[in-house]
Amino acid sequence: MAPLNSEYNQQQKDAIRMVRQHLSHLPVSKLRWLKQRIKSYLQFRKVVQSFQQEHFSDICLEKCFTSSTSACCGREGIITFFADVVINVLLSTDEQIDTLLETLEGDIGGSNCVYLNENGCLWLCKPIVCEMFLCDAAKGSVLGQNENLAAQWAGFCRRERMYTWPTRPILFDELEAFFLHEGLDSPLMYLHKSPGLLRLKAKHGLGRRQSLKVSRV
Ligand code: SF4
Ligand code: SF4
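Residues numbered from 1 in each chain as written. Chains lettered and ligands numbered in written order. Predicted model: local features only at pLDDT ≥ 70, side-chain atom pairs only at ≥ 80, totals over all residues. Heavy atoms only, no water.

Caption draft 1: Representation of the overall build of the chain. On a plain count of helices and strands, the chain comes out with 12 helices and two strands. N-terminal to C-terminal, the α/β element order of the chain is α-α-α-α-α-β-β-α-α-α-α-α-α-α. For 217 residues, the compact-globule estimate of 2.2 N^0.38 gives 17 Å, and the C-alpha radius of gyration of the chain, at 18 Å, lies within 12% of that figure. By principal-axis analysis of the C-alpha atoms, the chain measures approximately 50 × 50 × 30 Å. Across the 217 residues that make up the chain, the buried fraction comes to 40%. Contacts in the chain between residues far apart in sequence, at least 24 positions, make up 78% of those at least 6 positions apart. A total of about 11,800 Å² of accessible surface is found on the chain, and carbon and sulfur atoms cover 53% of it. Each charge class in the chain was averaged separately, 26 positive and 23 negative side chains, and the resulting centres sit 11 Å apart. (Helix = DSSP H or I, 4+ residues; strand = E, 2+ residues; numbered from the N terminus. Rg over C-alpha atoms; globule rule 2.2 N^0.38 Å. Buried < 20%, exposed > 50% of the residue type's maximum accessible area, 1.4 Å probe, protein only. Contact = heavy atoms within 4.5 Å. Areas by Shrake-Rupley, 256 points an atom, 1.4 Å probe, with all protein chains shown as cover. Lys, Arg positive; Asp, Glu negative; His and termini not counted. Charge placed at Lys NZ, Arg CZ, Asp CG, Glu CD.)

Caption draft 2: Layout of the site of ligand 1. Residues in close proximity to ligand 1 total nine residues, the closest being C60, C64, A71, C72 and C135. The leading source of residues in the shell around ligand 1 is helix α3 (residues 39-65), at four residues. The residue inventory of the shell around ligand 1, partitioned by class, reads seven nonpolar, one polar and one charged. (Near = heavy atom within 4 Å. Nonpolar A, V, L, I, M, F, W, Y, C, P; charged D, E, K, R; others polar.)

Caption draft 3: The arrangement of the packing of α3 against helix α8 (residues 147-164) in detail. At their nearest, the axes of α3 and α8 sit 11 Å apart, and the two run at 150° to each other. With respect to their mutual orientation, α3 and α8 come out roughly antiparallel. As for the relative orientation of α3 and α8, their crossing is left-handed in sense. Contacts between α3 and α8 involve S40, Y41, F44, V47, V48, F51, Q52 and H55 on the former and, on the latter, L149, Q152, W153, F156, R159, E160 and Y163. Of the residues belonging to the contact of α3 with α8, the class tally is nine nonpolar, four polar and two charged. (Axes fitted to C-alpha atoms, helices over the stretch in contact; angles between N-to-C directions. Parallel < 35°, antiparallel > 145°, perpendicular 65-115°, else oblique. Left-handed = near helix turned anticlockwise from the far one by under 90°.)

Caption draft 4: Structural context of the environment of L200. By the secondary structure assignment, L200 is in helix α11 (residues 195-203). Measuring from C-alpha to C-alpha, the distance between L200 and N112 comes to 32 Å, with 88 residues separating the pair along the chain. Those residues in contact with L200, other than ones at most four positions away along the chain, are W165, P166 and T167.

Caption draft 5: Here's a closer look at helix α9 (residues 171-181). Across the 11 residues that make up α9, a large majority, nine, are buried. Those residues of α9 that fall on the buried side of the exposure criterion are L171, F172, D173, E174, L175, E176, A177, F178 and F179. Once α9 finishes, G183 follows within two positions and takes phi at roughly 100°, a positive value.

Caption draft 6: Spatial organisation of the pattern of salt bridges. Per the counting criterion, the structure on display carries 10 salt bridges. Of the charged contacts in the structure, one is a salt bridge between K30 and E182, with a shortest N-O distance of 2.6 Å. Linking K30 in helix α2 (residues 28-37) with E182 in the loop between α9 and α10 (190-193), this pair joins segments that are 152 residues apart in sequence. Between K201 and D173 there is a salt bridge whose closest N-O contact spans 2.9 Å. Of this pair, K201 sits in helix α11 while D173 is found in helix α9, placing the two residues 28 residues apart along the sequence. Accessibility expressed as a relative area gives 3% for K201, which makes it buried. (Salt bridge = Lys/Arg side-chain N within 4 Å of Asp/Glu carboxyl O.)

Caption draft 7: Focus on the site of ligand 2. In the neighbourhood of ligand 2, the contacting residues comprise C72, C73, C113, Y115, L116, C121, K126, P127 and C130. The class makeup of the residues in the shell around ligand 2 is eight nonpolar, no polar and one charged.

Caption draft 8: Seen up close, unusual backbone geometry. Of note in the backbone geometry, E76 takes a positive phi value of approximately 50° without being a glycine. Take E76: it is sitting in the loop between α3 and α4 (82-91).

Caption draft 9: Here's a closer look at the environment of I78. Position of I78 relative to the elements: it lies in the loop between α3 and α4. The spatial distance from the C-alpha of I78 to the C-alpha of V129 is 6.7 Å, given a sequence separation of 51 residues. Contacts of I78, omitting those with residues within four sequence positions, involve Y8, P127, V129 and C130.

Next comes the structure, spelled out in structure tokens:
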């Protein structure tokens with residue numbers, strides 16, 4: 001079967017290649033700034049991941065992975081932010097990035113996300129939308145039975161917004177601004193391209209000021 005070169009796959013490939021290429025030429029000081037800047041986010045991701053593993057791995061295994069019917073990983077079902085790509089490329093080895101690109105190149109379609117293989121997701125640090133998605137059945141079964149866990153999950157959702165929801169200066173916007181200032185551009189830069197998110201930023205006095213701050217790095 002011929003590989004499927006959808007717009008989604010093309011945008012993903014372009015972003016991954018562009019970020020990898022750019023990072024490989026970045027001065028050490030800027031690389032150090034980027035790694036420092038994502039530290040608290042990675043800490044957050046670690047905590048969410050262990051919460052998911054502890055409380056959801058059984059139900060997810062039982063409901064979805066043994067029957068290969070996961071509603072979490074449908075084809076082109078998730079938004080990948082440009083910052084997701086940056087963070088994943090920063091953390092991944094060349095081989096891991098090659099695997100993502102080869103997978104996108106060789107994609108022949110189907111109902112599953114292009115990045116899903118028999119061992120799970122190919123991203124080292126999967127997109128935030130994937131990390132934070134829980135279906136209603138899983139939420140009902142785990143969080144619906146335990147107020148303490150439900151409160152913890154609500155706390156994680158609030159913390160996620162501190163990195164991704166632009167009602168204040170946030171990491172995901174800052175990373176886009178950094179790469180825009182470096183001359184890169186991508187349709188995945190939703191925090192600089194989505195009309196809804198731009199309106200939200202404007203309403204909260206964000207935009208130009210944040211870009212100027214980042215450009216001084
Ligand atoms: S969150 Fe829901 S849809 Fe996703 S793997 Fe778990 S049980 Fe399946
Ligand atoms: S990127 Fe990974 S976690 Fe997200 S939908 Fe695709 S396979 Fe699933």
